[in-house]
Structures are given as structure tokens and as C-alpha cells.
Amino acid sequence: MAYITLLITNNQLLPETLRIWLFSSQACESMFRTARSMSGTFSSVVNFSVTEFLRRAEKLSVLQTIKSEVESNPDFPFHFPSHHKQEIERIVQHEFADARELVASLNITILNKVGNPIAMDELFENQSSTYTYLLADSTTKEALIIDPVIDTVERDAKLIQQLGLNLRYAVNTHVHADHITGSGKLKALFPGCQSVLSNLSGAKADIYLKDGEFIKIGESGRTPLALECRATPGHTNGCMSFVWHDYGAVFTGDALLIRGCGRTDFQQGSADSLFTSIHSKLFSLPDHYLVYPAHDYTGQTCSSILEEKTLNPRLTKSREEFIQIMANLNLSYPKQIDKALPANLVCGLQGDL
Ligand SMILES: N[C@@H](CCC(=O)N[C@@H](CSS)C(=O)NCC(=O)O)C(=O)O
């Protein structure tokens, strides 16, 4: 595990490598042996390649999908033998969790496909438990920010200035009900910056994005940083998720949360459309894609498509059960809803855009 972590910190493996969940005890044991032999002084596997490791990881991901199918459907015609390897399974899962924490705490340079460094910062706002994401192309220094919060704009602006970035876009995944967006204030601080929302948001913005379009920064560099826009209505009509294919990640806003999802009891919410959005637009992404939500209320920072497909207590249910669950959440209204909703219809600033 330490060896794999080192490979990641040296940019020889992608961070999402650590997100492979090993549910099958046989595959798990063999993975454990391989990792041990690769890292040991007396390693018998001397010609290990990254491609080989990733191929193995891909196989494990398929095995896990089959295993979760077996667990939810007793008639599934494929069964894993069960025996005494659960302890190893537990150890490896535990080690993966530790290594993931370790990697998250390091300042790792991420390389895109042609080797250009790119940067991403996950920033947190305490009052509404909102995650704001700052993405930058290190070659051109162009940046975009996703879901900025008005209360933390100064912090974000300082970081943007310290990194010498040119902020081009302030993007909102939807019209938020629990906090005022920082887009308007950022536009005032960075005159070239434009506000961005879905064309179905019903709010003011400089740029409206449609399902299937791309938003890009760093076009003048060797490879632009591109986000694919996927409409994911359900929490609100105008919810949009942004897929960063080069990095293998998706910013899900309030559509998909870690082991949860956005509520559907106001702002034209619909549990039926949220179920469709998540299954068709998000769970269709590759299993290893990382999930970065707009909120987390329990201290979790990131998940993966595979984890949510198999472990999300709401989304592993049938459509009918999901609708039932969503109708019975009994959540109290967000504390800031009365000031946030009207302000967010005008980019967070009553008055100028
Ligand atoms: N207590 C918070 C609001 C919590 C809340 O309602 N969160 C929303 C997203 S922000 S509109 C949600 O969809 N939650 C889903 C869930 O299952 O918790 C506050 O007062 O701001």
C-alpha cells in the first residue's frame, strides 16, 4: 500500500487508483499479495508496470460490480465462493482508506494527458457546509471556480491572487437555497470573470450552458481544461453536473452527495427526475471517476461513482423506494433560504450583475 501511495505521489499513478474497493475476497487476497511482493525487498515481481496495475484494478472493479449485483439480487446466476478471507478484505479496505487520507493531505501535482500540470483546490465554507472548487490550468494560469460562497470570497480571491491566476468563470451548479453565491462579488474583484449557470436555472448569468456543451479554460495552451456539462435536474430544474474527463472526476452540485443526494421538496424538486438524472447521467460514468459534491455534512471530502453506485443508501434502491425515501426526509428548511434564493437569482448581488 505504501508503494502504491508513493507511485501516486510521484505522479506515476492517478490518485483515483486508491479508490478501488476490494469486495471479492479472492481478488482481494491476490491484490494484497501482488502489492506486497511489489513493495518488498525480496520482490518476485520485478517487472511491474503501471499499465499492468491499472488493468488489474479494472478487473477488480468489474468483480465488485458483479458482487454487488449478487448481493442485491439472489437470483443472479453467478456466485463467489465465501471463505475465510474477510479479514484480509477488511485490512486492505482499511489501508486504502488510510492511504487515501494521506494522499489527500499532500500537495500533489496532477498531470493531464500530455504532462501539463493542472491544479485543483477543494475549499470549504462552514456555515452551509459548501465545497467550492478552484480549477486552474498551470500553463496559461487561467482558472474557474465552482460554487463560490459570498462569505468566503475574500479567502478565495486571496488564493487566486497568490497563485497568480486569471479567473475567467464563476460557475454555479444551480441556484442555491442555503447560501448566497460569491459569483457577483468575484466578478467585481476580477473584472474579466463571467458568471455561468445552466440555461434552465431561471436566474441571471453572463453565460448559460446547455446539456452536452463544454466549458473550457486554457484554450491558448497545449491542452485546454474542459468540463462536460450534464444536466442533472431533480434537486432543482436547473441543476448541472460538470465532468472533468481528463482528471476522471465529476462535480455533482446537490444532485449526488456522498451517500446521499439533494433534497427534492422545494425549488421545483422532483425525486423521480433526480433518480433518472443520477442513474442516466452520473452512474453511466466510469466507476473510477471521483465524485466532488457541493456539500457534505459529515466531514467527507470526495467519493467515487463506484462507491455511490454500490453504497449510497438512497440510490441503491428502486425508483419507487427512492421516491418514498425522498418524500419522508423531513428536513428543516435551510436557515438562509429567504435571503439566498432572491439574491442568487441575480448572481448573489441585488443590483448589478
Ligand atoms: N441545514 C442546512 C441545510 C441542509 C440541507 O437542506 N441541504 C440540502 C442542500 S442545500 S439546499 C440538501 O439537499 N440536503 C439533502 C440531505 O439529505 O441532507 C442549512 O440550514 O443550510
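Reading guide: rules and limits
Residues numbered from 1 in each chain as written. Predicted model: local features only at pLDDT ≥ 70, side-chain atom pairs only at ≥ 80, totals over all residues. Heavy atoms only, no water. Pairing = 2+ DSSP bridges. Helix = DSSP H or I, 4+ residues; strand = E, 2+ residues; numbered from the N terminus. Right-handed = clockwise from strand over helix to strand, strands pointing away. Core = buried A, V, L, I, M, F, W, Y, C linked by side-chain atoms within 4.5 Å. Buried < 20%, exposed > 50% of the residue type's maximum accessible area, 1.4 Å probe, protein only. Contact = heavy atoms within 4.5 Å. Near = heavy atom within 4 Å. Polar contact = N/O pair within 3.5 Å; in protein donor to acceptor, adjacent residues only side chain to side chain. Areas by Shrake-Rupley, 256 points an atom, 1.4 Å probe, with all protein chains shown as cover.

S.K.: Break down the pairing of strand 5 (residues 166–171) for me, citing the residues and quoting the values.
M.R.: For strand 4 (residues 142–146) and strand 5, the ladder comprises five bridges, and the chain directions are parallel. Bridge pairing in strand 5 places Ile146 opposite Val171. You can see the chain leave strand 4, run along helix 5 (residues 153–162) and come back into strand 5, and the turn it takes is right-handed. Pairing of strand 5 with strand 6 (residues 194–198) involves three bridges; the strand directions are parallel. By the bridge assignment, Ala170 is partnered in strand 6 with Ser195. One crossover worth recording links strand 5 to the parallel strand 6 by way of helix 6 (residues 183–189), and it is right-handed.

S.K.: Tell me about the nonpolar core, and please be specific about residues and values.
M.R.: It is characteristic of soluble globular proteins that their nonpolar side chains tend to be buried jointly. The biggest cluster of nonpolar side chains holds 25 residues, and the ones touching the most others in it are Leu135, Ile215, Leu227, Phe242, Phe251 and Tyr292. Every element with two or more residues in this core is listed here: strand 3 (130–137), strand 4, strand 5, strand 8 (214–217), strand 9 (225–231), strand 10 (240–244), strand 11 (249–253) and strand 14 (290–293). Ranked by the residues each element gives to this core, the list is headed by strand 9, at four residues. The contact partners of Phe251, leaving out residues within four places of it in the chain, are Met120, Tyr133, Leu135, Ile146, Leu227, Met240, Ser241, Phe242, Trp244 and Tyr292.

S.K.: Kindly report on the site of the ligand, identifying the contributing residues and their values.
M.R.: The ligand sits among Asp178, His235, Asp254, Cys261, Gly262, Arg263, His295, Tyr297, Arg314, Leu331, Pro334 and Lys335. Arg263 is positioned with one of its side-chain polar atoms (N or O) 2.6 Å from an oxygen atom of the ligand. In the model, an oxygen atom of the ligand is placed 2.9 Å from a nitrogen or oxygen of the Lys335 main chain. Coverage of the ligand by the protein amounts to 86% of the 520 Å² it exposes when considered alone.

S.K.: Which residues make up the sheet that holds strand 15 (residues 303–304), and what are the values?
M.R.: What the six strands build is an open sheet, ordered 8-9-10-11-14-15; its pairing is mixed. Both outer strands of the open sheet, strand 8 and strand 15, are each paired with one neighbouring strand and no more. Where strand 11 and strand 14 come together, four bridges link them in parallel fashion. Pairing of Ala249 across the sheet is with Leu290, part of strand 14.

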